[in-house]
Amino acid sequence: MQNRRVVITGMGSISSLGKTVTETWQNVVDCKSGIGPITMTDMSQIRFKNGGEVKNYNAQNHFTDKEIDLIDRFAQFGIIAAREAVQQADIQWTEELKDRTCVIMGTSIGGQETTEAAFHSLFKEGKNRVNLFSIPRIMPNAAASHITMQFGITGFAYTISTACASSNHAIGNAFWMVRGGMCDMAITGGSETPINFGFLKSWEALRVVASDTCRPFSKDRQGMILGEGGAILILETLDSALQRGAEIYAEIIGFGMSSDAGHITKPDQKGPEKAMRMALNDAAISPDKIDYINAHGTGTFANDSLETAAIKAVFGDHEKKVAVSSTKSLHGHVLGGTSAIEAVITASALQHQVYPPTANYTVPDPECDLDVVPNKSRQGKMNYAMSNSFAFGGLNAVLVFKKWDGG
Amino acid sequence: MEEELLRKVVELIAANNHIPPETITIDSSFEDLSMDSLDGLTLINDLENEYNITLPNEEAVKIKTVRQAVESLNKIITQPS
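Residues numbered from 1 in each chain as written. Chains lettered and ligands numbered in written order. Predicted model: local features only at pLDDT ≥ 70, side-chain atom pairs only at ≥ 80, totals over all residues. Heavy atoms only, no water.

Observations concerning the pairing of strand S13 (residues 384-391) of chain A
A regular strand places its side chains so that they alternate between the two faces of the sheet. Residue and element names in this part refer to chain A. By the criterion of burial, S13 is predominantly enclosed, with eight of the eight residues buried. Judged by which residues are buried, S13 turns out to be covered on both faces: Tyr384, Met386, Asn388 and Phe390 on one side and Ala385, Ser387, Ser389 and Ala391 on the other are all buried. Relative to S13, strand S9 (residues 292-294) runs parallel, the two being bridged by three bridges. Paired with Ile293 across the bridge in S13 is Met386. Of the strand pairs in this sheet, S13 and strand S14 (residues 395-402) are connected by eight bridges, and their pairing is antiparallel. (Buried < 20%, exposed > 50% of the residue type's maximum accessible area, 1.4 Å probe, protein only. Helix = DSSP H or I, 4+ residues; strand = E, 2+ residues; numbered from the N terminus. Pairing = 2+ DSSP bridges.)

The structure is reproduced here in structure tokens:
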């Protein structure tokens, strides 16, 4: 089957940076981080205090009471982002299109808030029964399922769970499905809501969460900051987008994946290198074409130096010219949803020709001596961009995007 | 005090990593004992629970030997509150 070009015709995003793509992008341009003190749960027993919460979120502004009973916060964010993306794409639904649209979402843990509420009922309150809707709320496929119901999608739908790379795997899969003709349109992205007491305690035990903020690539970085949110891209063929006069925000041209086969938490260099090379190969472009990399850039000591080494190995001399920033410094690490938010930001960067910054950058680290766009966004020509995700368990997924220039 | 701490460190390492306690000495490194970074942090977390203390992350990640574990523990336990 002939490979079809795949473009982004709609985007949606909700995170600590804002409840819409416009708000999110403005905060990226202004280098205004959404990270701050966590307020949605009692943090007195947790050693770190900061996170990336969605500010002033009221589920009743988006859902009926009955829907809130049925839908966990993580799925709510997926649905909200999907609604924005579908509206932006101005899709004229037909029964045929609904049948030829797929929904592929990413999340690492699904309905964690509901899981903890159930455990609280059983183990702390000694109750003998949990909420009847616990299973449909907890199941990681809930966001994808609700999105199909929201829009009447009868094409295939599923959820990918690969820790921090979940959404890149989801979007990459969706890209291949549209390109290869398995479907004509995709609603794809991911969501995550890690800010729950038990889950925060689990991260505390690993000692990878910073006590201050997320400082990717800084010598004094202390670790990651957890965030919540969701984001969606609408993907369709170029022909379809042009035919219906849709606005095109960017194009996806490549996807690569690999496994480290190494350690369950420690990152590797070879695996990320391989995923980046595969993505470039899939995009049929050489490394020197890439102008910007949205790094995995968690702010942990291990990831940032290893990712730098991997980038240098893949890009050679071009590593001095390519700008590499981590927007986790702005929205936090949204785990299975993070690369969806980063995809929206990367596509927006190409659309607006602005390089997103790495916020909170203080002291240069000789082991991370890339152009990290420190503390201030930068206008500049950008034709091609890459977005990296390197997950716990050594699962790597990389996307390559191209600026839409009309042809 | 240090002897007691060493005994506890050895007990925890042996139990968590399924190795005979007599193979663990004050001079053992975690690497010698085939313990990776997660095994090291498991030990620190267990010691925190056992002695009701808190070891900051930046100190915890530096502990790579039995001696360092005992000395860090002793330092926190014996410091005036």
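Some remarks on the packing of aromatic side chains
Residues and elements named next belong to chain A. All chains considered together, the criterion is met by eight aromatic pairs over all chains. On the basis of an interplanar angle of 70 degrees and a centroid distance of 4.9 Å, the ring pair of Trp176 and Phe255 is categorised as edge-to-face. Taken as a pair, Trp176 in helix H8 (residues 166-179) and Phe255 in strand S8 (residues 250-259) lie far apart in primary sequence, 79 residues in all. Overall, Trp176 belongs to the partly exposed group, its relative accessible area being 29%. Considering the side-chain rings of Trp203 and Phe392, the 5.7 Å spacing of their centres and the 25 degrees angle between planes classify their relative orientation as stacked. Within this pair, whereas Trp203 is found in helix H9 (residues 197-206), its partner Phe392 is found in the loop between S13 and S14, the two being separated by 189 residues in sequence. Through a chain of ring-to-ring contacts, three or more aromatic side chains come together here, namely Phe199, Trp203 and Phe392. One cation-aromatic arrangement involves Arg221 over Phe301; the distance from NZ or CZ to the ring centre is 4.5 Å. Here Arg378 stacks its cationic end above the ring of Tyr355, 5.8 Å away from the centre of that ring. (Phe/Tyr/Trp six-rings, centres within 6.5 Å; stacked < 30°, edge-to-face > 60°. Lys NZ or Arg CZ within 6 Å of the ring centre and 35° of its normal.)

Describing the pattern of salt bridges
Under the defined criterion, the tally for this structure stands at 24 salt bridges over all chains. Across the pair Lys328 of chain A and Glu342 of chain A runs a salt bridge whose closest N-O atoms are separated by 2.8 Å. One end of the pair, Lys328 of chain A, is in helix H13 (residues 328-331); the other, Glu342 of chain A, is in helix H14 (residues 338-352), with 14 residues separating them in the sequence. Per residue, the accessibility class of Lys328 of chain A equals that of Glu342 of chain A, and both read buried. Put simply, Glu11 of chain B and Lys8 of chain B hold a salt bridge, and the shortest N to O gap is 3.1 Å. One end of the pair is Glu11 of chain B and the other is Lys8 of chain B, both in helix H1 (residues 2-17) and three residues apart, which spans about a single turn. One salt-bridge network, held together by shared partners, links Glu4, Arg7, Lys8, Glu11 and Glu50 of chain B. (Salt bridge = Lys/Arg side-chain N within 4 Å of Asp/Glu carboxyl O.)

Notes on the interface of chain A and chain B
With nine residues of chain A in contact, the opposing surface of chain B contributes twelve residues. Taking both partners together, chain A and chain B bury about 820 Å²; carbon and sulfur atoms supply 42% of that area. Contact with chain B buries area across many residues of chain A, yet Arg47, Arg207 and His263 of chain A alone supply 65% of it, more than any other trio. Where chain A touches chain B, the interface holds two salt bridges. (Contact = heavy atoms within 4.5 Å. Buried area = accessible area lost by both parts, 1.4 Å probe.)

So, unusual backbone geometry
Residues and elements named next belong to chain A. Of note, the phi angle at Arg207 is positive, near 60 degrees, even though the residue is not glycine. Assignment of secondary structure puts Arg207 in the loop between H9 and strand S7 (229-237). The exposure class assigned to Arg207 is buried, which follows from its relative accessible area of 6%. A positive phi angle is found at Asn360, which is not glycine, with a value near 60 degrees. Looking at where Asn360 falls in the secondary structure, it is placed in the loop between strand S11 (354-355) and strand S12 (378-379).

Examining the side chain of Thr193 of chain A
All names here are of chain A. If you trace the backbone, Thr193 turns up in the loop between strand S6 (185-192) and H9. On the basis of relative accessibility, which here comes to 2%, the residue Thr193 falls in the buried class. Ignoring sequence-local partners within four residues, the contact set of Thr193 consists of Asp72, Arg73, Phe74, Phe77, Gln112 and Glu228.

Some details on the side chain of Thr24 of chain A
Residues and elements named next belong to chain A. Assignment of secondary structure puts Thr24 in helix H1 (residues 21-29). Judged by relative accessible area, Thr24 falls into the buried class, the value being 2%. When sequence neighbours within four positions are dropped, the list of residues in contact with Thr24 reads Ser13, Leu17, Gly18 and Ile345.

With respect to a nonpolar patch on the surface
On the surface, Phe119, Leu122, Phe123 and Val130 of chain A cluster together to form a nonpolar patch covering roughly 390 Å² of accessible area. Inspection of the secondary structure puts Phe123 of chain A in helix H5 (residues 112-124). (Patch = residues over 30% accessible without salt bridge, like charges linked within 9 Å, V, L, I, M, F, W, Y side chains within 5 Å. Areas by Shrake-Rupley, 256 points an atom, 1.4 Å probe, with all protein chains shown as cover.)

Details of the packing of H1 of chain B against helix H2 (residues 37-51) of chain B
Residues and elements named next belong to chain B. Interhelical geometry of H1 versus H2 gives an angle of 130 degrees and a closest axis separation of 10 Å. Compared by their axis directions, H1 and H2 come out oblique. Pair H1 / H2 crosses with right-handed handedness. For the pair H1 and H2, contact is made by Glu4, Leu5, Lys8, Val9, Leu12, Ile13, Asn16 and Asn17 and by Asp39, Thr42, Leu43, Asp46, Leu47, Glu50 and Tyr51, respectively. Partitioned by chemical class, the residues of the contact of H1 with H2 number seven nonpolar, three polar and five charged. (Axes fitted to C-alpha atoms, helices over the stretch in contact; angles between N-to-C directions. Parallel < 35°, antiparallel > 145°, perpendicular 65-115°, else oblique. Left-handed = near helix turned anticlockwise from the far one by under 90°. Nonpolar A, V, L, I, M, F, W, Y, C, P; charged D, E, K, R; others polar.)

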